[in-house]
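# A closer look at the structure
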Amino acid sequence: MKPAPFAYLAPRSVDEALAHLAEHGSEARPLAGGQSLVRLMNTRLATPSVLIDINRIGELAAISRENGAVRIGAVARQRACETSPDVRDGVPVFAEAVRQVAHPSVRRRGTAVGSVAFADPSAELPTALLAADGEVVARSSRGERTIAADDFFTGPFTSALAPDELAVALRIPVTAAERTGSAFVEESRRHGELPMCGVAAVVTLDGDGAVAQARIALCGVHRRPIRARDAEAALQSEHPDDELLQAAGALAASAADPVGDCHGSAAFRRHLAAVLTRRALATAISRAEERNA
Amino acid sequence: MPDKIRIAVTVNGTAHDVLVEPRTLLLDFLRDQLALTGAHAGCEQGACGACTVLVDGEPTRACLMFAAQLDGAEVTTVESLAGPDGTLHPVQRAFTENHGLQCGFCTPGMLLAACALLERNPHPEPSDVREALSGNLCRCTGYQNIVRSVVAAGAEV
Amino acid sequence: MSYKYVGKPTPRKEDPKLLTGRAGYIGDVVVPGMLHAAVLRSPHAHARIRSIDASAARALPGVVCVLTGAEALEHIGPMAAFCAEPVPQTAIATEKVRYPGEAVAVVAATDRYIAEDARALIEVDYEVLEPVVDPIAAMGPDAARVHDTLDSNVVFHRSLDFGDVEGDFARSATVVRRTGRWHRMCATPLETAGALASWDPYTGAMTVWSNSNFYNFLPWVFAGILGVPTNRLRLIPCTVGGSFGSKHLIMQVVAIAGALAKATGRPVRYLEDRFDNIAANDNTGPDRHYDAELAFSPEGEMLSLTLKIIDDYGAYFQFAHGQHGNAMAQPTGPYRIGSLRYDVACVLTNKVQQGFFRGAGADPGNFILERLVDAAAEELGIDGAELRRRNFIQPDEFPYKIPTGNVYDSGNYAAVLDRALEIADLKHWKAEQERLRAEGRYLGIGLASCQERTGYNASEWWFLYDNPPLPATSTPESVKLQVDAMGGVLVELGCPLWGNSPETVVSQVIAEEFGIDPAGVAVTYADSTTGAMSAGPGGSRLTIMLSGAARGAARTIRDKMTRIAAHAMEMSPDDVECVDGTFRAKGAPGTSMTMGEVAMRAHLFAHDNPAGESSGLVDTHTYDHPYATPPNADRTDMGAFYPMVSHACHIPIVEVDPETGRVTLLKYYAVNDCGTIMNPPLVEGQIMGGIVQGIGAALMEQYEYRDDGTLGTSSLREYLIPTLNEVPDIVVEHVQTPSPFTEYGVKGAGEGGRLVAPTAIASAVSDALRPLGVFVDELPMTPERIVAAVQAAR
């Protein structure tokens, strides 16, 4: 299938891009990696009349670590995030999630910010961002703001971005190094496909080995990625054992309200939510214990 | 109709200075405007990899990129591999010696993905090959001989 | 028999053009002034078309023509159907759409982008009707009717007994009964179907390039649809990017291109995109519900098999029940089962219709039988391999006639099974299985012994009818061989290139017959005006049939050259032989002539040649099926219709995660017997490719039609085929029991992998989950199905 007609703009600076967005608003969409957007445009499920190609804005490709946060620019490729020491060491759950996105060839063009902004409720990176309490840095000609991940995802393929706003970066607080472990696990029908359910877990233990903090996010089980806050609360201050993890899994499953499709029914996705939450927690905790020595 | 975009693009070593419609996919630009029909449309969804070409040396799904994005870029297609006198590129030779193709539709994409891999990892293990080619579908060969072909190409170089 | 070129790993002649981007697929064919087509498809499964307004579409700059179904019928005829029942189909729907994605209008424009812009402007007013989705419900008297021309959605039902089924069941000690479910799948070649039609209104002639087969088998069918005289149609083959049966007769695609070509007076190319192909390829695989019983004697001998089948055919019935004719070539597998009941109901629903997809109906047949055998092994407490061995047809019993009347030409099933068990490292895997079970993990070892019938006869398409509309009995293959005046050898094939290796095969055969280097043989492809009767690839027939055709042509030319050479050397032809490309006295290579010397003489020196020899060296050889007998009148014996039968034993090793339903293939062992192997790497390639398609069938491939009839699996993101990562190491070995009926003893190998792998993997998953009480009887085994089975078994 072929896309509908559109005007093509290739700004060289963020200000230029923002000016275009200010002018065209919801008629325009920014183009970064294109691995999600162009696919949609080819089926005409997306028909922007203006495409703003941001790939030539060099400053947006940067990945850096400063002030206790990892910053990933809008044009930083998923592949770059995979190999970046800042991401790998700073936000391991995000690095682990990136490795499971599609295929290496897709990750060489696709961007992390692009995946987040696309807001697919089944996608890995929005979920990892949510578990890591990350933020989206949004700019418009009116100024800049940061949007917490939990506020960013408003529904399937919809975000809190205003029509004239560009997501210029992700800002993810560095995950504590001591006594903290994370894991991203997912189940998909086949290698490289979106998961039926994915779970991002980040767990910090206290000096006694009890859970000081647990953050659990899930994809594929709701209209947007969700935090399993009841499960997190149940883990708080408890010493993790099999029974507790089972209970956490069950609580995560009850937070799920999946939409079924040809890959998995709602009931099956809820089942996976329980299983994968348990497994993600088990892995995160054992990794946290390794860093406890 | 929106304004055409002017692009200065090098394809297989030949410089082009042309106007393209914004929505013309890189795949169609190559096939229809430059008559380079080696890249194939298998899905136009980025799911199969049959359209894979190299853009600035990176394996790229030509169905998910617009020709308009190519200003200043270098594109390499399968047509650049064999010599004009018919001498096959080592990767092509490895594919035919190891029966790595049957209908040939996925083959140009596989060859270019393999070339990109061999450029950065001249002696790949089978697992490296599987990772590099995991986004390329084949419906005929069952993949085993494709992996063998790329490993063999690495062994030869 | 030892050969010099037959049986050798000869380099593949097809490769250079495919490797260098010069393949010549239909998408590569450009004709000056050609237009591009796009097809508007129904979003509804079942609806009446009240009206179509194409005015905005027609007004769009760059649009040359828009045709509705009714308008198209001014130029083309309805689709051909080989069924006896009135199930009419047109390339573009007229009053009613009967499946989601059925064409309702077509556009021709200066490029595909504009054609799609125009398509988006066409307004169709539908009266949505109740969709018929569940075939069981569709059989009921109150179900909405897919076709008003039929009294019921059950378009065909027949039950046939072969042998004494009642008696065999009466004397049995154990009856194993299972149900089986095989879901709808499709070939999904990486290249979709396409056609480029160019019409000359002054002569009424049409030229069509396409990736269709059957242009040298049933060209008159195309001519009838296109509304052109049969002797004014030229169908030109293109290199095909995979077919697996789905491009035998791509009537819809050819008709759409042809209709637009006639309507516009310009060449028009219609190339399906992936959405077109998945929704409307008209060639999906079987979609079957089985209720089956296998009866055993007290000693564990298989006595009788009953199969009660409901097959969801979709909205049309183009090839009738040919897929069941096909299955009846080997329903009893490699076993000495004495009687069979085959009870099949073909049901129409609002889905894309069935055609032929690698296996062609025998794939679910193998599935249900081997599941029964596995179930029996458990019930009877006999090891699965032992139970099979006990019931195999023995090597000295061939040719063996099975209850349906088909004949198995040769085989050594025990040898294949034994070799498979040998190479499968079972000691290691069984130890692994135990070790992992102790850890709460589930490893499984599968086993399947199955037939691969090769080289079909046309009768399989119609023998289930008492009064078939077209009881054809010809399935030939033709090859034209020329030796030019310089001794250059040129072969012209009547078949297309599907991704198999017809050029290489005929080169090997010609090389063998003349003793010349296969690399020196040139090969081209005939079109429908230059080729003789050729059914082309399909039914794993091509190596068999090309061997016969090429050998026949080679012998004719070689004999003529022998006569001419003998005359020139003043010898008797009986004293002259052709060795290593020279014609010489037998046993005394003193006097000899090269191919070139003989050829020049043959072409230009008529007065020096024996009286009666025509000038030149050219022969078209049509090779008919080497062994076929007709069905009898009461259909208690279908005759021998698929007698070259290959065989394989597959042993897959899997790990199953019962909590997530994930199946990981760890290793795969296959031993294959396809008689004399023409070219070992090529056979191995076919087997591995088929196995991987079988992995798809076993684990992930399925059409999903929702309750409202709409198609849930419309792209490659939903209809999933295996990637590199789903494929384990595959070990393939061979046993060779030659066929007594074919040239060189070859049998076919193209479908074998996919005919065996699905049921072998089902066996492996069942073995893995045996401790949890799970028995697989439905394919594909998706994660959800596996988890549900585990939960149900608790």
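Residues numbered from 1 in each chain as written. Chains lettered and ligands numbered in written order. Predicted model: local features only at pLDDT ≥ 70, side-chain atom pairs only at ≥ 80, totals over all residues.

### Describing the overall build of chain C
- From N to C terminus, chain C includes 20 helices and 30 strands.
- Radius of gyration (C-alpha) of chain C: 27 Å, near the 28 Å computed for a compact globule of 794 residues.
- With respect to the principal axes defined by its C-alpha atoms, chain C has extents near 85 × 70 × 50 Å.
- Each of the 794 residues in chain C was classed as buried or not, and the buried ones make up 64%. (Helix = DSSP H or I, 4+ residues; strand = E, 2+ residues; numbered from the N terminus. Rg over C-alpha atoms; globule rule 2.2 N^0.38 Å. Buried ≥ 20, exposed ≤ 12 C-beta atoms within 10 Å, placed from the backbone.)

### Thoughts on the overall build of chain A
- Helix and strand counts for chain A stand at 12 helices and 14 strands.
- For 293 residues, the compact-globule estimate of 2.2 N^0.38 gives 19 Å, and the C-alpha radius of gyration of chain A, at 19 Å, lies within 12% of that figure.
- The dimensions of chain A, computed from C-alpha atoms along their principal axes, are 60 × 45 × 30 Å.
- Within chain A, contacts between residues at least 6 apart in sequence are counted, and of these 65% link residues at least 24 apart. (Contact = placed C-beta atoms within 7 Å.)

### Quick word on the interface of chain C and chain A
- Residue-level contacts link 22 residues of chain C with 17 residues of chain A.
- Of all the elements in the fold, those that place two or more residues in the side of chain C that touches chain A are α4 (112–119) and α20 (783–793) of chain C.
- For the side of chain C that touches chain A, the leading source of residues is α4 of chain C, giving 4 residues.

### Let's talk about the sheet that holds strand β10 (residues 205–210) of chain C
Residue and element names in this part refer to chain C.
- Within the open sheet, the 7 strands sit side by side as β3-β5-β1-β12-β9-β10-β11. Their pairing is mixed. Of all the strands in the sheet, the pair left with one neighbour each is β3 (63–68) and β11 (233–237). Taken pair by pair, the neighbouring strands of this sheet meet at an average axis angle of 20 degrees, ignoring direction.
- Sheet topology note: the β10/β11 ladder contains 5 bridges and is parallel. Considered in β11, the bridge of W209 is made with I236.
- Helix-sheet contacts for helix α7 (residues 219–226) involve β10 and β11, and the interaxial angle to β11 is about 120 degrees.
- The strands touched by helix α8 (residues 251–264) are β1 (35–41), β3, β5 (103–109), β9 (194–200), β10 and β12 (268–271); relative to β9, the strand with the most contacts, the crossing angle is about 30 degrees. (Pairing = 2+ DSSP bridges. Axes fitted to C-alpha atoms, helices over the stretch in contact; angles between N-to-C directions.)

### Comments concerning the interface of chain C and chain B
- Across the boundary between the two partners, chain C contributes 38 residues, which contact 40 residues of chain B.
- Those elements that place two or more of their residues in the side of chain C that touches chain B are α1 (15–19) and α18 (680–699) of chain C.
- Top element by residues in the side of chain C that touches chain B is α18 of chain C. It accounts for 7 residues.
- For the side of chain C that touches chain B, the residue count by class is 19 nonpolar, 12 polar and 7 charged. (Nonpolar A, V, L, I, M, F, W, Y, C, P; charged D, E, K, R; others polar.)

### Points about the pairing of strand β21 (residues 489–493) of chain C
All names here are of chain C.
- Counting buried positions over the 5 residues of β21 gives 4, a clear majority of the element.
- Sheet topology places strand β20 (residues 477–483) next to β21; 5 bridges connect them, and they run antiparallel. Its bridge partner lying in β21, V483 is registered against V489.
- Inspection of the sheet shows β21 paired to strand β22 (residues 522–525) by 4 bridges, in the parallel sense. Its bridge partner being in β22, L493 is matched across the sheet by Y525.

### Side note on the domain arrangement of chain A
Residue and element names in this part refer to chain A.
- Taken as a whole, chain A is organised into domain 1 (7–53), domain 2 (59–173) and domain 3 (180–288).
- On a C-alpha basis, the centroid separation for the pair domain 2 and domain 3 is 21 Å.
- Put simply, the parts of the chain that give the side of domain 2 that touches domain 3 at least two residues each are α5 (92–98), α8 (124–131) and β8 (153–155).
- With 6 residues, α8 is the largest single contributor of residues to the side of domain 2 that touches domain 3.
- By residue class, the composition of the side of domain 2 that touches domain 3 is 14 nonpolar, 6 polar and 5 charged. (Domains from an automatic or database assignment.)

### Description of the packing of helix α11 (residues 362–380) of chain C against helix α12 (residues 384–391) of chain C
Residue and element names in this part refer to chain C.
- Across the interface, α11 lies against α12 with an axial gap of 9 Å and an inter-helix angle of 110 degrees. For the element pair α11 / α12, the angle class is roughly perpendicular. Here V373, D374, A376, A377 and L380 of α11 lie close against α12, whose contacting residues are G384, L387 and R388.
- Taken together, the residues of the contact of α11 with α12 break down into 5 nonpolar, 1 polar and 2 charged. (Parallel < 35°, antiparallel > 145°, perpendicular 65-115°, else oblique.)

### A look at the nonpolar core
All names here are of chain C.
- Counting 436 residues, the largest nonpolar core has A37, A257 and L260 as its most contacted members.
- With 14 residues, helix α16 (residues 542–568) is the single largest residue contributor to this core.
- With residues up to four places along the chain from it excluded, the contact list for L260 reads L35, A37, C65, L67, V106, A108 and V268. (Core = buried A, V, L, I, M, F, W, Y, C linked by C-beta atoms within 7 Å.)

### Digging into the packing of helix α15 (residues 502–514) of chain C against α16 of chain C
Residue and element names in this part refer to chain C.
- One can describe the packing of α15 onto α16 by two numbers: an axis separation of 9 Å at closest approach and a directional angle of 35 degrees. Along this stretch, α15 crosses α16, giving a crossing that reads as right-handed. Contact residues: α15 offers P502, V505, V506, V509, I510, E513 and F514, while α16 offers L542, T543, L546, S547, A550, R551, A554, R555 and R558.
- In terms of residue class, the contact of α15 with α16 is made up of 10 nonpolar, 2 polar and 4 charged. (Left-handed = near helix turned anticlockwise from the far one by under 90°.)

### Notes on the domain arrangement of chain C
Residue and element names in this part refer to chain C.
- Along its sequence, chain C is organised into domain 1 (30–130 + 193–271), domain 2 (288–458 + 632–793) and domain 3 (476–623).
- With centres defined by C-alpha atoms, the gap from domain 1 to domain 3 works out at 41 Å.
- Opposite the 17 residues of domain 1 that make contact, domain 3 presents 18 residues.
- Per-element tally for the side of domain 1 that touches domain 3: the top contributor is β11, with 5 residues.
- Classifying every residue of the side of domain 1 that touches domain 3 by side-chain character gives 9 nonpolar, 7 polar and 1 charged.

### What to know about the sheet that holds β20 of chain C
Residues and elements named next belong to chain C.
- Strand order across the open sheet formed by 4 strands is β22-β21-β20-β26, with mixed pairing between neighbours. The open sheet has two edge strands, β22 and β26 (618–623), and neither has a second partner. When strand polarity is set aside, the average angle formed by the axes of neighbouring strands in this sheet is 20 degrees.
- In this structure, β20 lies alongside β26, joined through 6 bridges in antiparallel fashion. The residue of β26 that forms the bridge with S478 is T622.
- Of the strands in this sheet, β20, β21 and β26 touch α16, which is tilted by about 35 degrees from β20.

### Describing the environment of R108 of chain A
- Considering the arrangement of structural elements, one finds R108 of chain A in the loop between α6 (104–107) and α7 (112–118).
- Taking the C-alpha atoms as reference, R108 of chain A lies 9.9 Å from Q35 of chain A; in sequence the two are 73 residues apart.
- With residues up to four places along the chain from it excluded, the contact list for R108 of chain A reads R77 and R79 of chain A together with E58 and P59 of chain B.

### A short note on α15 of chain C
All names here are of chain C.
- Relative to the 18 Å expected for 13 residues at 1.5 Å per residue, α15 spans 18 Å between its end C-alpha atoms, a close match to the ideal helical length.
- Within α15, 13 of the 13 residues are buried, leaving the element largely enclosed by the surrounding structure.
- G515, located one to two residues past α15, shows a positive phi value of around 70 degrees. (Expected span 1.5 Å × (residues − 1).)

### Concerning α8 of chain A
All names here are of chain A.
- Among the 8 residues in α8, 8 count as buried, and that is most of the element.
- Burial in α8 covers these residues: E124, L125, P126, T127, A128, L129, L130 and A131.
- Following α8 by one or two positions, D133 has its phi on the positive side, about 55 degrees.

### Notes on unusual backbone geometry
- The peptide bond linking F398 of chain C to P399 of chain C adopts the cis configuration, its omega dihedral lying at -5 degrees.
- Mapping P399 of chain C onto the fold places it in the loop between α12 and β16 (400–401).
- The phi dihedral of N67 of chain A is positive, around 55 degrees, even though this residue is not glycine.
- Note on placement: N67 of chain A falls in the loop between β4 (63–66) and β5 (69–73).
- With 9 C-beta atoms packed within 10 Å, N67 of chain A lands in the exposed category.

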